[in-house]
Amino acid sequence: MSLTKRLALLLALVCTPAAMAQTFTFTAIPDEDESQLRTRFEKVAEYLEQELGVKVKYIPVKSYSAAVTAFRNNQVQLAWFGGLSGVQARRLVPGSEAIAQGYEDQFFKSYFIAHASTEIVPDESFPNINGYTFTFGAKNSTSGRLMPQFFIERNLGKNTKDVFKRIGYSGDHSRTIAQVQAGVYQVGAVNYKVWETAVANGKVDLEKVDVIWQSPAYPDYQWTIRGDVDSAFGAEFADKVTAALIGMTDTDLLNSFPRESFVPADNRDYEPIEDVAKAIGLID
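Quick look at the structure, then.

Here is what the cut-offs are and how they apply
Residues numbered from 1 in each chain as written. Predicted model: local features only at pLDDT ≥ 70, side-chain atom pairs only at ≥ 80, totals over all residues. Heavy atoms only, no water. Helix = DSSP H or I, 4+ residues; strand = E, 2+ residues; numbered from the N terminus. Buried < 20%, exposed > 50% of the residue type's maximum accessible area, 1.4 Å probe, protein only. Contact = heavy atoms within 4.5 Å. Areas by Shrake-Rupley, 256 points an atom, 1.4 Å probe, with all protein chains shown as cover. Lys, Arg positive; Asp, Glu negative; His and termini not counted. Charge placed at Lys NZ, Arg CZ, Asp CG, Glu CD. Salt bridge = Lys/Arg side-chain N within 4 Å of Asp/Glu carboxyl O. Core = buried A, V, L, I, M, F, W, Y, C linked by side-chain atoms within 4.5 Å. Arc of directions from axis to C-beta. Polar contact = N/O pair within 3.5 Å; in protein donor to acceptor, adjacent residues only side chain to side chain. Pairing = 2+ DSSP bridges. Axes fitted to C-alpha atoms, helices over the stretch in contact; angles between N-to-C directions.

The next point concerns the overall build of the protein chain. Scanning the protein chain for helices and strands turns up twelve helices and eleven strands. Across its three principal axes, the protein chain shows a C-alpha extent of roughly 85 × 40 × 25 Å. Counting all 284 residues of the protein chain, 50% fall into the buried class. A sequence separation of at least 24 residues applies to 77% of the contacts in the protein chain between residues at least 6 apart. Counting only carbon and sulfur atoms, one obtains 50% of the accessible surface of the protein chain, whose full area is about 13,400 Å². Of the charged side chains in the protein chain, 28 are positive and 35 negative, and the gap between their average positions amounts to 8 Å.

Dropping the structure here:
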């Protein structure tokens, strides 16, 4: 074969869609301490790379909205979203699909926590938190803002701005716990999984802060993938990603989420979250 023909063949191979495909990238909402997230998701990247046979990279972001933006702009093709951020992302990227969720995400919960100085007694009934200072997590957090706001307004019959003396947004669940424990805010709402992990790791002083109420269950976190990945990475690539996530059995990796396992999910599972977000005015 002549040099000219060999160069032409090489060029043709390099320019095929599969060869031109970017590294498969993913992100996650920053709901916890950044160092913990990086450790967790870099291990996920290694696992997916082995399972998918392509280079995989985790791209950290600084906010929930940044995760949604990265997904919309195709800077990432896969994301570990909360319920609300997943709804927002899929509305912006037609054809995108929720493909897997943690087993526990089918019936997730928020905890309301309070500083000991409030002397609020834990109860199954919704607590009287009128007049206290209160912190949500991130503004677009499902377990740290959306559902807590819904439960507050439904149980107390008024807008949250009329309930509390002062409202804050900590940015993530770990900071919510730290701020309530330190007395910066008297009451806060957190992801129950982050709380239980922090307690188990000895990072919570239960003499200063504790759970006063737990919410009813609702659907939350999920893996969402763009609908155009097959055209970039090959036929049935989305199915391969789904199978890899659902087939994740490494105990250390699952415990880092922490989740018992991952199970199938689809967009319909998150219609209740979309309905709540519309009802309280977070989305149109």
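Next, the rest of the story.
Opposite charge on two side chains allows them to pair when their charged atoms are near. Here the structure, examined in full by the defined rule, presents twelve salt bridges. One salt bridge connects Asp105 with Arg259, and the closest N-O pair in it is separated by 2.9 Å. Here the residue Asp105 occupies a position in the loop between strand 4 (97-102) and strand 5 (110-115), and Arg259 occupies one in the loop between helix 11 (251-255) and strand 11 (262-264), the gap between them amounting to 154 residues. No difference in accessibility class separates Asp105 from Arg259, as the two residues are buried. As a salt-bridge pair, Lys278 and Glu274 come within 3.8 Å of each other at their nearest N and O atoms. You can see Lys278 and its partner Glu274 sitting in helix 12 (residues 271-279), four residues apart, about one turn around the helix. Each of Glu34, Arg38, Glu42 and Lys62 takes part in one network of salt bridges that share partners.

Moving on: the side chain of Ser96. Structurally, Ser96 is set in the loop between helix 5 (83-92) and strand 4. For Ser96, a relative accessible area of 4% gives the class buried. Not counting residues within four places of it along the chain, the set of residues in contact with Ser96 comprises Phe71, Ala89, Arg90, Thr224, Ile225, Arg226, Gly227 and Asn267.

Bringing the nonpolar core into the picture now. Formed by 86 residues in total, the largest nonpolar core has its most connected members in Phe24, Phe26, Phe41, Leu48, Ile129 and Trp223. The element contributing the most residues to this core is helix 3 (residues 34-52), with seven residues. Discounting chain neighbours no more than four positions away, the residues touching Phe24 are Leu52, Val54, Lys55, Val56, Lys57, Gln77, Leu78, Ile225, Val229, Phe233, Phe237 and Val241.

Of the residues making up helix 7 (residues 173-181), those classed as buried are His173, Thr176, Ile177, Val180 and Gln181. Each buried residue of helix 7 lies within a common arc of 125° when the element is viewed along its axis, so the set occupies one face. The N-terminus of helix 7 is capped by Asp172, whose side-chain oxygen sits 2.9 Å from the backbone nitrogen of Ser174.

The next subject is the sheet that holds strand 5. Strands belonging to one sheet form pairs held by backbone hydrogen bonds; the direction of such a pair is parallel or antiparallel. Spatial ordering of the open sheet is given by 7-6-8-5-9, a layout of five strands whose pairing is mixed. Every other strand in the sheet has two partners, leaving strand 7 (166-169) and strand 9 (209-214) as the edge strands with one partner each. Across the sheet, the mean angle separating the axes of adjacent strands is 30° when strand polarity is ignored. One ladder, built from two bridges, connects strand 6 (residues 133-136) with strand 8 (residues 187-191); its direction is parallel. Each residue of the ladder has a partner; that of Phe134, found in strand 8, is Val187. This element, helix 6 (residues 142-156), spans strand 5, strand 6, strand 7, strand 8 and strand 9 of the sheet and lies at about 130° to strand 6. Taken strand by strand, helix 7 contacts strand 5, strand 6, strand 8 and strand 9, and its axis lies near 155° from that of strand 8.

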